[in-house]
Amino acid sequence: MAFDTLILNGTVVDGTGKPAYRGDVGITDGKIVAIGELSTSEAARKIDANGHVIAPGFIDIHAHSDVTMLDDPGGESKAYQGVTTEVSGNCGSTPYPAGVLGTGEALRDKQPTHPIPHSPTKWAWTDLDGWANYTEDTGISLNIAPQVGHSSLKRAAGAPFSRPADPDELAMMKKLAAEAIEQGAAAETNGLTGAHFENAPTSEIIELVKAAKPYENAFYSTHPRLAGGWHFKAAEEAVEIGRQTGVSVEYSHIAIIDSRQHGKAEEMASIFDTAREDGVDIAFDIYPYLAGAAGFKSLTPSWVEGSGTESALKMLADPSTRRRIKEEMKGGWWGDMPFHFEKIVVVKIGPNGDRDHLGRSLAEIAESRGTDPLDTILDMIIEDPSVESVMHNRSEQDMRQFLAHPLSIIGSDGTAISPNGIWKVTQPHPRIYGCHPRVLGHYVREEGVLSLESAVHKMSGFPAERIGLRDRGRVEVGLVADLVVFDPDTVIDMSTYQDPHRYPLGIPHVLVNGEAIVSEGKHTGARPGRVLRRSG
Ligand SMILES: [Zn+2]
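Residues numbered from 1 in each chain as written. Predicted model: local features only at pLDDT ≥ 70, side-chain atom pairs only at ≥ 80, totals over all residues. Heavy atoms only, no water.

**Digging into the nonpolar core**
- Among the nonpolar cores identified, the biggest contains 123 residues, and Trp131, Tyr251, Phe272, Phe296, Phe402, Leu440 and Phe486 are the most heavily contacted of them.
- Of all the elements, helix α5 (residues 167-182) adds the most residues to this core, at seven residues.
- Ignoring anything within four residues of it in the chain, the contact list for Phe486 reads His52, Val53, Ala55, Phe58, Leu440, Leu452, Val456, Val491, Gly506, Ile507 and Pro508.
- Counting residues in each nonpolar core, the second largest holds 14 residues, with Ala145, Ile409, Phe462 and Leu532 among its members. (Core = buried A, V, L, I, M, F, W, Y, C linked by side-chain atoms within 4.5 Å. Buried < 20%, exposed > 50% of the residue type's maximum accessible area, 1.4 Å probe, protein only. Helix = DSSP H or I, 4+ residues; strand = E, 2+ residues; numbered from the N terminus. Contact = heavy atoms within 4.5 Å.)

If you want it as structure tokens, here you go:
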């Protein structure tokens, strides 16, 4: 038998969680057609995987690449990690629907989805179909599975974020959601912080999620309603929405960010275990870092953050409103969580920002400016509304327990970008370049927190099953040849908070739909990626 590609001498970690085994993998017409002892077979291309693992390409269940990959179709930050499918449109924001149904009116200006003003991407579509066609016409290296976001639905239905949707608006949101799901959205997503914390009540979410119920495999993905004292309540709300709608739930980027609640990961995860015993189909995703990303605006009360940049700046310019904002912030972050100014580190500034702030903590900046830390936050937003930080607000013990938990899936919460493209001006969280290799190198090899087979399962077979991708996510004859070859002895992330645009090590080969997008550790420039519409 002759193959298009033959990967020889590797150790197969097949994505199911089962023990690794020695095997060769034969690929023809984009599919895995043989696994076993194939060393005497012919092939147009042979890859020597001696000492390496052959695994299913990673499916990043929590990605945000539906806009970035149009600017950077190579998706380098993810391609070099071995990611072959980006599940995008998380946290409620998607670049569609971009107009009220039937009007065909593009709301580019009203849809602040593109933070890079000189993007060459022409915002020409109004629905998921239009976006998908534009994406496939552009040509992308990785596959992308779309979802549809609550914020975008609410905006498209003409409902302001400053109050719950009224019955007519909600009916329109449900209609638009169903339309997006019919066009291929895998899930409805939301982000229940900022304005939505107070103005998107559970009842609104339940009604909207019900629109997904008739569709096979369509699920609900939630960036939880987080605030001081809310960790357990947010988990319970996600469970309750799953219970009342009968729709499967993905709980996004789990973390315990309130220092007073550190050490309670097992207690929190047990909420999901119990729910599953009661028949609610729920899982959660996590990225392996102890810091999260936070725009400075998200340090202000939700009624300020959620009002939009222009309005927030107006509020800060008004002395009495500013006093009220500061007074509220004295109580803590998002209600009453302690701020820990020494753990909030500036990582990104806008064009008017002060470069000296980069890499310094809020405590240090406040001291050098001689201002109170809360005033420093507010002043810095006025000077540079796009200033961003990372907050070192998680505990290592919680991280390990969540990673090892049977219900966790690895999700980067990151974008696929090129360090040479228009997004190079950003200072992203290192998870966008390092999430998956950090799990494999640090938490599997160095720390032994989970087995290699389990980690690969959480990056491939498990997410494929959750989103209903039946023909991907495992190394198995008949499945699509989305594959990664990595060295388990050297794989590691290199991206850091200070110097994020760095590729990981130890991942020489990545194949998407049978075609190499990374070969001998170099991006090939190939664009075999497709939009993977919901199957079912
Ligand atoms: Zn989120």
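**Points about the pairing of strand β19 (residues 509-512)**
- Both faces of β19 are covered, namely the face carrying His509 and Leu511 and the face carrying Val510 and Val512.
- As paired strands, strand β18 (residues 483-486) and β19 are joined by three bridges and run antiparallel to one another. Across the sheet, the residue bridging to Leu483 is Leu511, located in β19.
- Both β19 and strand β20 (residues 515-519) contribute to a ladder of three bridges, which runs antiparallel. When the bridges of β20 are listed, Val512 appears paired with Glu515.
- In this antiparallel pair of consecutive strands, β19 and β20, the connection spans two residues, and Asn513 shows a positive phi of 50°. (Pairing = 2+ DSSP bridges.)

**Comments concerning the sheet that holds strand β16 (residues 388-392)**
- Read from one edge to the other, the open sheet built from three strands follows the order β14-β16-β15, with strand pairing classed as antiparallel. Each edge of the open sheet carries a strand with a single partner, namely β14 (291-295) and β15 (344-348). Ignoring which end each strand starts from, the neighbouring axes of this sheet average 35° apart.
- By the bridge criterion, four bridges tie β15 to β16 in an arrangement that is antiparallel. Counterpart to Lys348 in the pairing with β16 is Glu388. (Axes fitted to C-alpha atoms, helices over the stretch in contact; angles between N-to-C directions.)

**With respect to the packing of helix α16 (residues 431-446) against helix α17 (residues 452-459)**
- The geometry of α16 relative to α17 is characterised by a closest axis approach of 10 Å and an angle of 160° between their N-to-C directions. When the axis of α16 is compared with that of α17, the two are roughly antiparallel. Viewed along their axes, α16 and α17 form a crossing whose handedness is right-handed. For the pair α16 and α17, the contacting residues are His436, Val439, Leu440 and Val444 in the first and Leu452, Ala455, Val456 and Met459 in the second.
- Residues that form the contact of α16 with α17 fall into these classes: seven nonpolar, one polar and no charged. (Parallel < 35°, antiparallel > 145°, perpendicular 65-115°, else oblique. Left-handed = near helix turned anticlockwise from the far one by under 90°. Nonpolar A, V, L, I, M, F, W, Y, C, P; charged D, E, K, R; others polar.)

That is the geometry; function is a separate question.
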